[in-house]
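What follows is the residue order along each chain.
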Amino acid sequence: MNLTFLGTGSAEGHPNPFCRCRHCDDARRVGGKAIRYRCSALIDDEFLIDFGPDLNAASNTLGVPLNGVRYAAQTHPHEDHLYFGNFFNRSTHCLVEGAHHMQYTVSPVTAELFRDAARGWLREVDDPSRDHYPTLRADLVIHQDWDTIRLGPYTLLAIPANHAPELQAHIFGIRRDDGPALLWGTDTATMPDGIWERVRDEAWQFSVMVMDHNHGYRDASTVHHSSDSFVAEVARMRDVGVIDGETRVLATHFAHHSHPVPEDLAAFAAERGYEPAWDGMVVEV
Ligand SMILES: [Zn+2]
Ligand SMILES: [Zn+2]
Ligand SMILES: [Zn+2]
């Protein structure tokens, strides 16, 4: 699989447009990789993770068209990960050419939010009673905690995140056919005991892992990792055996308040055994 990062910033993006801290000013001065949109990612040009609010800007800035999307997964419905206007933008109303009908896997909470929002956009042709939305080119596929979901050639494991439990946040194991597996691990804080053991027992081991790094050099919160908790989690995962010494370890979801410009962040991360992602980074899984 080919993973393209379409955003690596936290909820407010990096730089935060409203902030004049040294990290935000440095990012504005440096530009390029220092500018981070809100988190979304694309696998193989056809599988989208999260319909975030910066999808338009990321697609156009990075030159990554999204018409090929046939499958999608939503981690959770926080506003930095889910902007409903994206579905209108790819709908039949907009006379879009070359887009496909997609299977979109969501939690029950996200499904209810989608249905509510869709009522505002729909015409008579759609059929919300069976989560079938021809106008919006989407069928909802509901996932519960620990479900294994099949979307075309892709298999997903819906792992409950330690993040907004009332919103049923998930992180995902993702693999194509019997190929190597990716862990998409944002948003979350440190996992409760037993989670990685369960992932291992579900027969998942990851060649590439991407995980939340929201608080960087500051202290972790109850809903996001810091660098210290990130490093501790990676060690736990190695001990349990869901990753090994060959696994490529990547960080994302960087907040302005605790992340310097990319060159300095890369040096900080390298000392601790992992790599920061950037918008437009492409990783082979
Ligand atoms: Zn987030
Ligand atoms: Zn700032
Ligand atoms: Zn969140």
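Up top you'll find the structure we're talking about.
Overview of the structure. Remember, predicted model here, so these are calculated numbers, not experimental data.

1. Some words on the coordination of the zinc ion (ligand 3)
Piece 1. Those protein atoms acting as donors to the zinc ion (ligand 3) are His 76 (NE2), His 78 (ND1), His 163 (NE2) and Asp 187 (OD), and they sit at 2.1 to 2.5 Å.
Piece 2. With four donor atoms in place around the zinc ion (ligand 3) and angles of 90 to 168° between them, the coordination shape is irregular.
Piece 3. Read in sequence order, the donor residues coordinating the zinc ion (ligand 3) give the pattern H-x1-H-x84-H-x23-D.
Piece 4. Of the residues examined, His 76 reaches a relative accessible area of 1% and is grouped as buried.
Piece 5. For His 163, a relative accessible area of 3% translates into the label buried.

2. Structural notes on the coordination of the zinc ion (ligand 2)
Piece 1. At this site the zinc ion (ligand 2) is bound by Cys 19 (SG), Cys 21 (SG), Cys 24 (SG) and His 256 (ND1), with donor distances of 2.1 to 2.3 Å.
Piece 2. Metal-centred angles of 103 to 116° between the four donor atoms at the zinc ion (ligand 2) mark the site as tetrahedral.
Piece 3. Read from N- to C-terminus, the donor residues coordinating the zinc ion (ligand 2) fall into the pattern C-x1-C-x2-C-x231-H.
Piece 4. A relative accessible area of 0% places Cys 24 in the buried class.

3. Details of the environment of Trp 184
Piece 1. For Trp 184, the position within the fold is in strand S11 (residues 181-185).
Piece 2. Separated by 135 residues in sequence, Trp 184 and Ile 49 place their C-alpha atoms 8.8 Å apart.
Piece 3. For Trp 184, the residues in contact, after removing those within four places along its chain, are Leu 3, Phe 5, Ala 41, Ile 49, Thr 75, Ile 171, Phe 172, Ile 174 and Val 210.

4. Regarding the side chain of Ser 226
Piece 1. Tracing the chain through its elements places Ser 226 in the loop between strand S12 (206-212) and helix H6 (227-240).
Piece 2. Judged by its relative accessible area of 3%, Ser 226 falls in the buried class.

5. Section: helix H7 (residues 262-271)
Piece 1. Where H7 is concerned, the buried positions are Pro 262, Leu 265 and Ala 269. Angularly, the buried residues of H7 cover 60° about the axis, an arc narrow enough to put them on a single face. With respect to the buried face of H7, the exposed residues turned more than 90 degrees away are Glu 263, Ala 270 and Glu 271.
Piece 2. At its buried positions, H7 is contacted by strand S14 (275-276).
Piece 3. Looking one or two residues beyond H7, the residue adopting positive phi is Gly 273, at roughly 90°.

So, how was this worked out
- Residues numbered from 1 in each chain as written.
- Chains lettered and ligands numbered in written order.
- Predicted model: local features only at pLDDT ≥ 70, side-chain atom pairs only at ≥ 80, totals over all residues.
- Heavy atoms only, no water.
- Donors = N, O, S within 2.8 Å, 3.2 Å for Na, K, Ca; no water.
- Tetrahedral: all angles 85-135°; square planar, octahedral: opposite > 155°, others 65-115°.
- Buried < 20%, exposed > 50% of the residue type's maximum accessible area, 1.4 Å probe, protein only.
- Helix = DSSP H or I, 4+ residues; strand = E, 2+ residues; numbered from the N terminus.
- Contact = heavy atoms within 4.5 Å.
- Arc of directions from axis to C-beta.

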